[in-house]
Every structure is written in structure tokens, then in C-alpha cells.
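Survey of secondary and tertiary structure
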Amino acid sequence: TGETSDQRGLTRPVDFSGVADAAGGDGSDIGAYELQPAVAPSIDSGPPDVTNVRRPAFTFHSAQAGVSGYQCSLDVVDTANPTFAACSSGSYQPASNLADGRYTFSVRALFSGGEEGAISSRDFEVDATPPSAPTPSATNPPSPSKTTQITVSGSGAEPNSTVKLYTGSSCGGSTLGSGTAAAFGGSGISATVAANQTTTIYATATDAAGNADALPA
């Protein structure tokens, strides 16, 4: 037995009775122990920042030894005191549909000694409501025109949505053109129309979460 100084600067006995080192002992600090920090789990998969899935699924894992279980929480974003409850090992999905809004998913590991691990979190937004159909209202140049190259503008497109232009009310088949909601509400979306005939233009919008409007205008 010898002596060493611990992290506090105090002298402690050291065990030289084993066979792990050249001095004939394992060099352990008798009576001391080290507490390994509890590492936060890794969130392996989950929804994108904006999703139209009302029951998004998450997977997670912890590579740290001694994990006995997990606790998860799903709260409105910026909730001061999230509510944790036991969750399945490695996966989580809310039991019921979420309303549109921003949420925070959090997970922490539990250890055999009762210790609660550090928390991993991910924010996301649920948007499962279709946007309103945009309404084309003007072309440049105005009709009638000698050119088949025009721009189409209008109103009603949800911000950050993508607007597509069609010639049929079913809004199927090839598009005349597509662009951002900002372009549709401003300088217009470029389109090519047939020559020597009247073309009726319809528009649809798909928002950032992938929801398409129900009734094209």
C-alpha cells in the first residue's frame, strides 16, 4: 500500500497488492470511486422541422452502460416544466393526434441506481391543415396577347407554399408553370400557353408540410 492525492488534493492510500502493474498492484485509490456523467440519449429519427403527420414517431438509444429504462415527454414548445413518463425502450409515438402547433420531444435515460440521465430534445411543428386555394387574377401581358409567354399572378397563396398552374379544373397532368407564393402574389409565375385560343388558368398550392389545397381555383 502506498499513497496518492485525489482530485481534492487530499492524501489517500493506494492499493499495490494486485498484479496489474509493474509495482505489483492495480494502483486503485482505496475507498474512492468515480461517478461517470450520465450522457444524454441520441435521438436517431423523428419528423422534419415541419410535418403533416399528427402522430410522429421517434427512435432513440443510449450507448451508456447501466441504462434500465427511458422517460419521454412531448410538450408544447417552450414549456417550462416538461412532464416525463416511462416510454418504450428505443421508440416513442404520441397516443393520440396532435393539434397543429410547435412541440418539443424530450427523452432521458434511467439508470439502475435510480439516477436520471441528461435530456435530449428536438423541436418540430405539426401542420396538417390544407392551405386555401390560390386565385389567379391577372396575366402579363394582359389578355388578349400576341405572345404565348406570360406571367400569372394572383392572391390567396399561403406564405411559403408552392403554387402550380394548370389549364384544367382537375389540376392534373402537366403544369403550365410553378413558383413560390411570394412570386404568385408579386411579379407572377412564368407560364407558356397555347397560341390562338383562350386558356383558362387554375392554381393549386402545397404548403411547407406537404399539404395540398382541396379545391383548386
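From a predicted model like this one, the values you see are computed outputs, not experimental measurements.

1. Digging into the overall build of the chain
Each helix and strand in the chain was counted, giving 1 helix and 16 strands. Expressed as a percentage of the 217 residues in the chain, the buried residues total 32%. Counting contacts in the chain only where the partners sit at least 6 residues apart, residues at least 24 apart contribute 55% of the total. For the chain, the exposed surface amounts to about 12500 Å²; the carbon and sulfur share of it is 49%.

2. Observations concerning the pairing of strand β12 (residues 149–155)
With respect to burial, β12 is a largely interior element, 5 of its 7 residues being buried. In this structure, strand β11 (residues 135–140) lies alongside β12, joined through 5 bridges in antiparallel fashion. Bridge pairing links P136 to G154 in β12.

3. With respect to the layout of surface pockets
Empty space within the largest pocket amounts to approximately 360 Å³. Lining the largest pocket are 18 residues, and of these S143, S145, V193, Q197 and T199 sit closest to its centre. For the lining of the largest pocket, the per-class residue count stands at 8 nonpolar, 9 polar and 1 charged.

4. Points about the packing of aromatic side chains
Tallied over the entire structure, the rule returns 6 aromatic pairs. Pairing F58 with F105 gives two aromatic rings, centres 4.1 Å apart and planes at 15°, and the pair type is stacked. Pair noted here: F58 is in strand β5 (residues 58–61) and F105 is in strand β9 (residues 101–111), with a separation of 47 residues, a long-range link. Residues F58 and F105 agree in their burial class; the two are buried. Ring centres of F60 and Y70 lie 5.1 Å apart, and the angle between their planes is 65°; this geometry places the pair in the edge-to-face category. Here F60 is found in strand β5, whereas its partner Y70 is found in strand β6 (residues 67–76), with 10 residues between them in sequence. In this structure, F60 and Y70 share a single accessibility class: buried.

5. Focus on the environment of R102
Along the chain, R102 falls in strand β9. Judged by its relative accessible area of 29%, R102 falls in the partly exposed class. Distance in space between the C-alpha atoms of R102 and V76 is 6.1 Å, their sequence separation being 26 residues. If sequence neighbours within four positions are ignored, R102 has contacts with D49, V76, V77, D123, F124 and E125. Within the structure, R102 has its side chain in polar contact with the side chain of D49 (distance 3.3 Å).

6. Here we look at the nonpolar core
Formed by 14 residues in total, the largest nonpolar core has its most connected members in F60, Y70, C72, F105, V107 and F124. Counting only elements with at least two residues in this core, the list comes to β5, β6, β9 and β10 (116–126). Among the elements that make up this core, the one with the highest residue count is β9 (5 residues). Residue contacts for V107: discarding those within four places in its chain leaves P41, I43, F60, Y70, Q71, C72, F84, A118, I119 and S120. I150, V152, I189 and A191 belong to the second-largest nonpolar core, a separate cluster that totals 11 residues.

7. Some words on the sheet that holds β10
Here 5 strands make up an open sheet; going across it, the order is β4-β10-β9-β6-β7 and the pairing mixed. For this open sheet the edge positions go to β4 (50–51) and β7 (85–87), each flanked by a neighbour on one side alone. Taken together, the 9 bridges between β6 and β9 define a ladder with antiparallel strand orientation. Counted as the bridge partner of S73 is S106 from β9.

Rules used in this analysis
- Residues numbered from 1 in each chain as written.
- Predicted model: local features only at pLDDT ≥ 70, side-chain atom pairs only at ≥ 80, totals over all residues.
- Heavy atoms only, no water.
- Helix = DSSP H or I, 4+ residues; strand = E, 2+ residues; numbered from the N terminus.
- Buried < 20%, exposed > 50% of the residue type's maximum accessible area, 1.4 Å probe, protein only.
- Contact = heavy atoms within 4.5 Å.
- Areas by Shrake-Rupley, 256 points an atom, 1.4 Å probe, with all protein chains shown as cover.
- Pairing = 2+ DSSP bridges.
- 1 Å grid on protein atoms, 1.4 Å probe; cavity = no way out; pocket = protein on both sides within 12 Å on 5 of 7 lines; lining within 4 Å.
- Points joined across faces, edges and corners; volume = space filled by probe spheres on them.
- Nonpolar A, V, L, I, M, F, W, Y, C, P; charged D, E, K, R; others polar.
- Phe/Tyr/Trp six-rings, centres within 6.5 Å; stacked < 30°, edge-to-face > 60°.
- Polar contact = N/O pair within 3.5 Å; in protein donor to acceptor, adjacent residues only side chain to side chain.
- Core = buried A, V, L, I, M, F, W, Y, C linked by side-chain atoms within 4.5 Å.

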